[in-house]
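# What the coordinates show
Spelled out, the chains give:
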Amino acid sequence: MKKLIAAVLASVLVIPMAQASAQEKGTTVEDKARALASEIISNYGVSGLQYAIRDKGSITLSGGAGVYDKATQAPVTKDTMFGIGSVSKMHVSAGAMILADSKAINIDKPLTTYLPQFKMADARYKDITPRMLMNHSSGLYGSHYGNSMLLDDNDTQNHDELLSRLESEHLKSNPGEYSVYCNDGFQLLELMIEQVSGLSYSEFLDRYLSSPLLLSSTQTPLDTFDRQQLARTYFPGLEQALPVENANVIGAGEIYSTAEELTEFAEVLIGNRTDILSEASAKAMQAPEYKNGIWVPDERNTFSYGLGWDAVSLAPFSDYGITALTKGGDTIMYHAALTAIPESDISIAVLSSGGSSIFNTIFASNVLLEYLKDTGKIDKLLPAPTFVPPVKAAMPAELQSYSGLYGTVGATTAIAVKDGELDLPALEGGLIPAQKYIYTGNGQFKSSDGRSAVSFDPQKNGKTYLKLNAELDFPGAGQMVMVTYEYQKLESNPLTPVTKQAWEKRNGKNYYALDEKINSLFYLSPAILTKNIAVDEGYASGTRIVDEHQAVNAAEIPVMNGRDAFDLNFYTKNEAEYLSIDGNAYISEDAVQPIYGGRSSISTVSANGQGIWFKIGEKSAGKTMTVTAPASGGFAVYDADGMIVNFSVVTKNPSAVLPQGGMVVFGGQAGDVFKINMK
């Protein structure tokens, strides 16, 4: 699952763990690993990190940094377990290929052949194949995250409801037209494996992967194991460790493991365990599937999808003529990277509590290159690319025709190409700041530091994309190349006066999620539970407005930025406006009442089990709220900037001082009563 939220506390004590290395102590690769681990722990929001290299079947480097538990300062060891996030997609992909080896499935036959319960309100769903699920080209909108990321809770609701939710949904593109990251595809693979094998997915993994590989620390949220083995996780503003994170979308993003065990699993993926997966299937997973559809021009990149793999030709290894595979993974609090070089029978895994899979991938690349040099597989390390400020060139007048409204999932932006310049908002989730780009020739506009270049790329599907080619720099950690389509040029969408007026009333307003369980990690950041509506020239938050009540996804963007698409559907109930996204309800801020500022009050969860949101107004601001709640209930308090003040599920603290302009949300089971005291 990729980067839903970035956050953890930085600056923890660096405690290298015992090295299990076949090399002499103090070799270059060990020094490199320790130095990078120390940097990431100190400056990149990571509390604990673990890594391992396996070469020709044997562990040749194993180490870690940071702490397993801040309270005790206990160090990370080789047996500390972490969530591996979307690296779990490699397990479900391998599972599908195991079934293909046994002739139980054909990955190029329709998914409905093996999962007949799968239906959608779009006839094209019948063309989706297991291959398309593995290479991200199914055309599915992307992800159903509802009630998937839970604390101390392995509820299977998300898994159990996926098929019923998809029944009423459409595709955003023709199956096979292009690849764009899609979590739901791997959830469907999980369901297919269960249907075909007659086993639960956890049982299938144990029987066909963990048991033959002798993996004792590779588990799912539904398995029985000692949760004390899991590295503790932390969130900014909360001192104590969080309860155990359960990402209950197992096929797409939640297996727990260790770095050493993950490299053992990599032996299957690179074709060394033909007793588990045939060499032919392992090779098929490494094929350049991304080339089957629309894609950014073939350049050195971090993304080049195979079957499951994020990249089957990873830069910077491609600069050395080496074919490297990689898969990154992020839950809310755990992050992972697995990189392998099949031709050399080498793999590296890097796991962390806090941070991002980006940092883990950079760590893996830098340490693995050092390892290749130390073992004589490459002569020397190439210097990092350097950049200079752009020199403005005369811009062809025809480039001005690219001016217009552009969109991505969740947002629109007006781009004006004028006088050899264009202004762009922050790109790559804020990793590249908002700035002016200067025309330098060859159709390219460059950032002030020369690291980022954008250009306009008309594609064969009739869409025009804003292409980004950037070398991201993370001081002290390393660099990463990113070639993506950031935005898609949008067609004019004139509205009737009635429709325009209806959407203008919503412009700038927030809608708050009602159906998320109170023990969801999403309550750590209300931005995930809030949908802000931004209306711009017939579009709303990146969707194309259809009528007064509906807007549909407009983004058809390959690679990453067309992922997790959604439609907006508004309705009125008891004079309050609600928004429905993926079948989940949100309530308008206009219908959210101020919390009662008197001495005592009661709030009760209704029969539908939905959460209860309150504004913090003048009459309650500054007061201490103390809540008596049932064991199944909880609450969260946020300040005016959306920062967490208290999340009772984590802190167990029944009280909080209410900040002016903030929000309070209560949640629990239907009928739960909250007794609220103000002082």
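Residues take numbers from 1 onward in each chain, read along the sequence in its written order. pLDDT decides what is reported in this predicted model: residues at 70 or higher carry local features, side-chain atom pairs at 80 or more are listed and counted, and totals for whole chains, interfaces and linings draw on all residues regardless. To get the side-chain values, all heavy atoms of the structure are used, and hydrogens and water are removed first.

This part is about the environment of Leu-269. Strands here mean DSSP runs of E at least two residues long; helices mean DSSP runs of H or I at least four residues long; both are numbered from the N terminus. Among the secondary structure elements, Leu-269 is positioned in helix H8 (residues 259-269). For the pair formed by Leu-269 and Leu-191, sequence separation is 78 residues and the distance between their alpha carbons is 21 Å. A contact between two residues is defined here by any heavy atoms of the two lying within 4.5 Å. Apart from the residues within four sequence positions on either side, Leu-269 is in contact with Met-90, Ala-94, Ala-282, Met-285, Gln-286, Trp-309 and Leu-338.

So, about the pattern of salt bridges. One side-chain nitrogen of Lys or Arg within 4 Å of one carboxyl oxygen of Asp or Glu is enough to make a salt bridge. In total, this model carries 22 salt bridges according to the counting rule given. With a closest N to O distance of 3.3 Å, Lys-373 and Glu-370 form a salt bridge. In this pair, Lys-373 and Glu-370 are both assigned in helix H10 (residues 357-374), 3 residues apart and thus about one turn of the helix distant.

Okay, helix H1 (residues 28-43) next. Helix length check: H1 (16 residues) gives 22 Å between terminal C-alpha atoms against 22 Å at 1.5 Å per residue, within 8%. Here's how the labels work: a residue is buried when its accessible area is under 20% of the maximum for its type, exposed when over 50%, partly exposed in between, all with a 1.4 Å probe on protein chains only. Within the span of H1, buried status applies to Val-29, Glu-30, Ala-33, Leu-36, Ala-37, Ile-40 and Ile-41. Within H1, the buried residues cover an arc of 135 degrees as seen down the axis, which keeps them to one side. Looking at the buried side of H1, the elements it contacts are strand E1 (46-55), strand E2 (58-69) and H10. Gly-45 occupies a position one or two residues after H1 and carries a positive phi of about 70 degrees. Expected helix span is computed as 1.5 Å times (number of residues minus one). The directions from the helix axis to the C-beta atoms are what the arc is built from.

Quick look at the packing of H1 against H10 now. Inter-axis angles, ranging from 0 to 180 degrees, are taken between N-to-C directions of lines fitted to C-alpha atoms, where helices are fitted over the stretch in contact. Following both chains from N to C, one finds H1 and H10 inclined at 165 degrees, their axes separated by 9 Å at the closest point. In terms of their interaxial angle, H1 and H10 are classed as roughly antiparallel. Here H1 and H10 pass one another in a crossing that is right-handed. Here Thr-28, Val-29, Lys-32, Ala-33, Leu-36, Ala-37 and Ile-40 of H1 lie close against H10, whose contacting residues are Phe-359, Phe-363, Asn-366, Val-367, Glu-370, Tyr-371, Lys-373 and Asp-374. When grouped by side-chain class, the residues that make up the contact of H1 with H10 number 9 nonpolar, 2 polar and 4 charged. Under this scheme an angle from 65 to 115 degrees is roughly perpendicular, one under 35 degrees roughly parallel, and one over 145 degrees roughly antiparallel; angles in between are oblique. What makes a crossing left-handed is the near helix being turned counterclockwise from the far one by less than a right angle; a clockwise turn instead makes it right-handed. Ten residue types, Ala, Val, Leu, Ile, Met, Phe, Trp, Tyr, Cys and Pro, are classed as nonpolar, four, Asp, Glu, Lys and Arg, as charged, and the remainder, Gly among them, as polar.

At least two bridges found by DSSP between two strands are what make those strands a pair. Two elements, strand E32 (residues 634-638) and strand E33 (residues 644-647), share 3 bridges in a ladder whose sense is antiparallel. Counted as the bridge partner of Ala-636 is Phe-647 from E33. In this structure, the hairpin formed by E32 and E33 is closed by a connection of 5 residues, where Gly-642 is found at a positive phi of approximately 80 degrees.

On to helix H11 (residues 497-504). Regarding H11, the residues found buried are Thr-499, Ala-502 and Trp-503. Looking down the long axis of H11, one finds its buried residues gathered within 90 degrees of arc, a one-sided arrangement.

Here, nonpolar core means buried Ala, Val, Leu, Ile, Met, Phe, Trp, Tyr and Cys residues that are tied together by side-chain atoms lying within 4.5 Å of each other. With 191 residues, the main nonpolar core has Phe-118, Leu-188, Phe-363, Phe-445, Leu-568 and Trp-613 as its most contacted residues. In terms of residue count, the dominant contributor to this core is H10 (10 residues). The next biggest cluster of nonpolar side chains, apart from the first, holds 16 residues, and it includes Ile-595, Ile-616, Val-637 and Val-664.

Below, the discussion takes up empty space enclosed by the protein. Any residue with an atom within 4 Å of a point lines the site, the site being either a cavity, points on a 1 Å grid over the protein atoms alone where a 1.4 Å probe fits but cannot get out, or a pocket, an open set with protein on both sides within 12 Å along at least 5 of 7 lines. Grid points are joined across faces, edges and corners, and a volume is the space filled by probe spheres set on the points. Here the structure, examined in full by the defined rule, presents 3 cavities of 30 Å³ or more. Counted as a void, the largest cavity has a volume near 90 Å³. Lining the largest cavity, in full, are His-144, Tyr-145, Gly-146, Gln-157, Asn-158, Glu-161, Leu-162, Arg-165, Asp-582 and Asn-584. Here the residues of the lining of the largest cavity are counted per class, giving 2 nonpolar, 5 polar and 3 charged.

Moving on, we come to the sheet that holds strand E17 (residues 464-474). Spatial strand order, E12-E11-E18-E17-E16-E15-E14-E13: 8 strands in an open sheet with antiparallel pairing. The strands lining the two open edges of the sheet, one partner per strand, are strand E12 (411-415) and strand E13 (421-424). Strand-to-strand twist in this sheet, taken as the mean axis angle between neighbours without regard to direction, amounts to 35 degrees. Relative to E17, strand E16 (residues 452-458) runs antiparallel, the two being bridged by 7 bridges. Paired with Pro-458 across the bridge in E17 is Thr-464.

Considering only enclosed or pocket space, the second largest pocket measures out at about 470 Å³ in volume. Lining the second largest pocket are 24 residues, with Pro-316, Asn-366, Leu-369, Ala-384 and Gln-479 positioned closest to its centre. If you list the elements that add at least two residues to the lining of the second largest pocket, you get H10, E17 and strand E18 (478-489). Take the lining of the second largest pocket: its biggest share by element is 5 residues, from H10. Taken together, the residues of the lining of the second largest pocket sort by class into 13 nonpolar, 6 polar and 5 charged.

Our focus in this paragraph is the sheet that holds strand E3 (residues 74-75). If you walk across this open sheet you meet the 6 strands as E3-E2-E1-E10-E9-E8, and the pairing is antiparallel. Each edge of the sheet is formed by a strand with only one pairing partner; in this case those strands are E3 and strand E8 (325-330). Relative to E1, H8 is tilted by about 40 degrees, and along the sheet it contacts E1, E2, strand E9 (334-341) and strand E10 (346-354). Against the sheet, H10 engages E1, E2, E8, E9 and E10, with an angle of about 145 degrees to E10.

Put simply, two rings from Phe, Tyr or Trp (the six-membered ring, in Trp's case) pair if the centres are within 6.5 Å, and we call them stacked under 30 degrees between planes, edge-to-face over 60, tilted for the rest. Under the defined criterion, the tally for this structure stands at 24 aromatic pairs. Here the aromatic rings of Trp-295 and Tyr-305 are separated by 5.2 Å at their centres, their planes lie at 70 degrees, and the arrangement is edge-to-face. With Trp-295 in the loop between helix H9 (279-285) and E8 and Tyr-305 in the loop between H9 and E8, this pair connects stretches of sequence that are 10 residues apart. Taken as a pair, Trp-295 and Tyr-305 share a single burial class, namely buried. Joined through ring pairs, the aromatic side chains of Tyr-402, Tyr-406, Tyr-439, Phe-445 and Phe-456 make up one cluster. It is Lys-89 that lies over the ring of Phe-186; its NZ or CZ is 5.4 Å from the centre. Positioned above the aromatic ring of Phe-566 is the side chain of Lys-531, whose terminal nitrogen or guanidinium carbon lies 4.0 Å from the ring centre. Two thresholds decide whether a charge sits over a ring: the Lys NZ or Arg CZ must be within 6 Å of the ring centre and within 35 degrees of the ring normal.

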